[in-house]
Number of protein chains: 2
Amino acid sequence: MISEPVTIPARRGKAVLVNAGQAIKIINTHGSQVVDTWAFVADKLTEFMSLEHARATMLRLRPQVGDVFRTNKRRPILTLIEDTCHGVHDMLLAACDNERYGLLGCTEYHDNCTDNLHAAMAALGLRAPETPSPLNLFMNIPWTEGGALSFDPPTTRPGDYVVLRAELDVVVAMSACPQDILPINGTTGTTTEAHFQIVTPGSA
Amino acid sequence: MISEPVTIPARRGKAVLVNAGQAIKIINTHGSQVVDTWAFVADKLTEFMSLEHARATMLRLRPQVGDVFRTNKRRPILTLIEDTCHGVHDMLLAACDNERYGLLGCTEYHDNCTDNLHAAMAALGLRAPETPSPLNLFMNIPWTEGGALSFDPPTTRPGDYVVLRAELDVVVAMSACPQDILPINGTTGTTTEAHFQIVTPGSA
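Below is a short write-up of the structure.

## Some remarks on the overall build of chain A
Argument step 1. If you tally the helices and strands in chain A, you get three helices and eleven strands.
Argument step 2. Order of helices (α) and strands (β) in chain A, N terminus to C terminus: β-β-β-β-β-α-β-β-α-α-β-β-β-β.
Argument step 3. Scaling as 2.2 N^0.38, a compact globule of 204 residues should have a C-alpha radius of gyration of about 17 Å, and chain A matches this with 16 Å.
Argument step 4. Viewed in the frame of its principal axes, chain A has a C-alpha envelope of about 50 × 40 × 30 Å.
Argument step 5. Counting over 204 residues, chain A shows a buried share of 57%.
Argument step 6. Carbon and sulfur atoms form 53% of the exposed surface of chain A, whose accessible area is close to 7700 Å².

## Things to note about the relation of the copies chain B and chain A
Argument step 1. The transformation that overlays chain B on chain A combines an axial shift of 0.0 Å with a rotation of 180°, and the residual RMSD is 0.0 Å. Taken together, these values place the two copies in the relation of a two-fold axis. Across chain B, the smallest distance between a C-alpha and the rotation axis is recorded for E145(B), namely 3.0 Å.

## Regarding helix α3 (residues 113–123) of chain B
Residue and element names in this part refer to chain B.
Argument step 1. If you check which residues of α3 are buried, you get C113, T114, N116, L117, A120 and M121. In a view along the axis of α3, the buried residues occupy a sector of 165°, so they form one face of it.
Argument step 2. In the core, the buried residues of α3 are packed alongside β2 (13–18), β4 (35–41), β5 (44–48) and β10 (170–176).
Argument step 3. Regarding α3, its N-cap is N112, as a side-chain oxygen of that residue lies 3.3 Å from the backbone nitrogen of T114 further along.

## Considering unusual backbone geometry
Residue and element names in this part refer to chain A.
Argument step 1. Phi at F138 is positive, roughly 70°, even though this residue is not glycine.
Argument step 2. Along the chain, the position of F138 falls in the loop between β8 (135–137) and β9 (160–166).
Argument step 3. Take F138: its relative accessible area is 1%, and that puts it in the buried class.

## Some details on the side chain of T191(B)
Argument step 1. Relative to the helices and strands, T191(B) resides in the loop between β10 and β11 (194–199).
Argument step 2. Among the polar contacts listed, one links the side chain of T191(B) to the side chain of R11(B), at a separation of 3.1 Å.

## Regarding the interface of chain B and chain A
Argument step 1. Chain B puts 31 residues into the contact, and the matching count from chain A is 31 residues.
Argument step 2. In total, chain B and chain A occlude about 2800 Å² of area from one another, counting both sides; carbon and sulfur atoms represent 58% of this.
Argument step 3. Sorting the residues of chain B by area buried against chain A places E52(B), L59(B) and R74(B) first, and these three jointly supply 21% of that buried surface.
Argument step 4. Viewed at the interface, chain A and chain B are joined by two salt bridges.
Argument step 5. Note that R74(A) is salt-bridged to D97(B), the shortest N-O span being 2.9 Å.
Argument step 6. Summed over the shared surface of chain B and chain A, the result is 16 residue pairs in polar contact (both at pLDDT 80 or more).
Argument step 7. At the level of secondary structure, the elements contributing two or more residues to the side of chain B that touches chain A comprise α1 (51–58) and α2 (98–103) of chain B.
Argument step 8. Ranked by residue count, the leading element in the side of chain B that touches chain A is α1(B), at five residues.

## Comments concerning the pattern of salt bridges
Argument step 1. One pass over the full model with this rule turns up 18 salt bridges over all chains.
Argument step 2. One salt bridge connects D67(B) with R60(B), and the closest N-O pair in it is separated by 2.6 Å.
Argument step 3. One continuous salt-bridge network, built from bridges that share partners, spans R11(A), R12(A), D111(A) and D180(A).

## Some points on the nonpolar core
Argument step 1. With 56 residues, the main nonpolar core has M121(A) and M121(B) as its most contacted residues.
Argument step 2. With near-sequence residues (within four places) excluded, M121(A) lies in contact with A15(A), F40(A), L45(A), L126(A), A128(A), V171(A) and A173(A).

## Describing α1(B)
An α-helix turns once per 3.6 residues; consequently, residues spaced three or four apart project the same way.
Argument step 1. With respect to burial, α1(B) is a largely interior element, seven of its eight residues being buried.
Argument step 2. If you follow the buried residues of α1(B), they end up packed against α1 (51–58) and α2 (98–103) of chain A together with β6 (68–70) and β8 (135–137) of chain B.

Parameters and conventions
- Residues numbered from 1 in each chain as written.
- Chains lettered and ligands numbered in written order.
- Predicted model: local features only at pLDDT ≥ 70, side-chain atom pairs only at ≥ 80, totals over all residues.
- Heavy atoms only, no water.
- Helix = DSSP H or I, 4+ residues; strand = E, 2+ residues; numbered from the N terminus.
- Rg over C-alpha atoms; globule rule 2.2 N^0.38 Å.
- Buried < 20%, exposed > 50% of the residue type's maximum accessible area, 1.4 Å probe, protein only.
- Areas by Shrake-Rupley, 256 points an atom, 1.4 Å probe, with all protein chains shown as cover.
- Least-squares fit on C-alpha atoms with pLDDT ≥ 70 in both.
- Arc of directions from axis to C-beta.
- Contact = heavy atoms within 4.5 Å.
- Polar contact = N/O pair within 3.5 Å; in protein donor to acceptor, adjacent residues only side chain to side chain.
- Buried area = accessible area lost by both parts, 1.4 Å probe.
- Salt bridge = Lys/Arg side-chain N within 4 Å of Asp/Glu carboxyl O.
- Core = buried A, V, L, I, M, F, W, Y, C linked by side-chain atoms within 4.5 Å.

Dropping the structure here:
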């Protein structure tokens, strides 16, 4: 069974409870929207998906289908079970924040994924204990042999998606990244909505 | 002026206050010892060196001399001003913790860098608010073009060092990594002490 699509509004965040065994399908509806994604253990928010812990066992800079994301206590929390993007997701960079836009030249408040995370959790009556390094879905940050990174335009198409299976009861938070200065959401600086659906196995 | 060397005991941690403008020289005394390193703003421990934030402006997987590490609030905190190791330091992996050694087959408590961080801070009467992703000095984690990572033996020699200049008054915490299962401290599984010195410019 798959739920109706829920909107992650452009430049905003949304959080949802996903029970162990369920999965969340996160959809790049319009084709060029990065979605910063976090997962917190539902009954213990101080335990959360930690990419620096996950990398030690995934042993990859980008995820492949079958890869298990782990928490800061090394427990499996999400498994990537489908991906139409061939792993072009970023696991290296922090969520944008107002300070980041200041460094990019903004002199007034700019929507940002860090604030979106905390607002999305607050909308469920929850408080994220910190801002973990997010899984930046659909974000194209290639590396060179020498280790140089760059902010590249997306390689995704409308409707591209990932499916992440919850290994624990988790709160998944997502932010439709409002980055409109660097080209990670496309070179036109257009930011759009995205969508997610909850997949419950075993029921037709 | 440079202080006498201070010992980071084998398998243990040590923290020290470094004032803005001073630098810390961290020495791989015996040549094959990884030193996990953190930096916290002295008067605001909730602000600390954050590699996921630093990568967004460094734009590198490994640091080069001149690179500026930033905090989780995007402020410069440490600058790499000398490095005899040609940048072979890890910025990708979490500090080891007891859970990590459990995954590696240990059935009893194993010394670990996470506990060493918190013990080192506690020895100064301080409390680290979380365990940030550390700068793993002298740790050799290469990547492939396809993004595969591996835990490789060190490439360092006895006496190799880095010098990090403090851009703010900071507490630097270091842990002589007790990893003796994977070969990051050498293939013999030997863990050793390391040393640091505080460098104060402008005084002979």
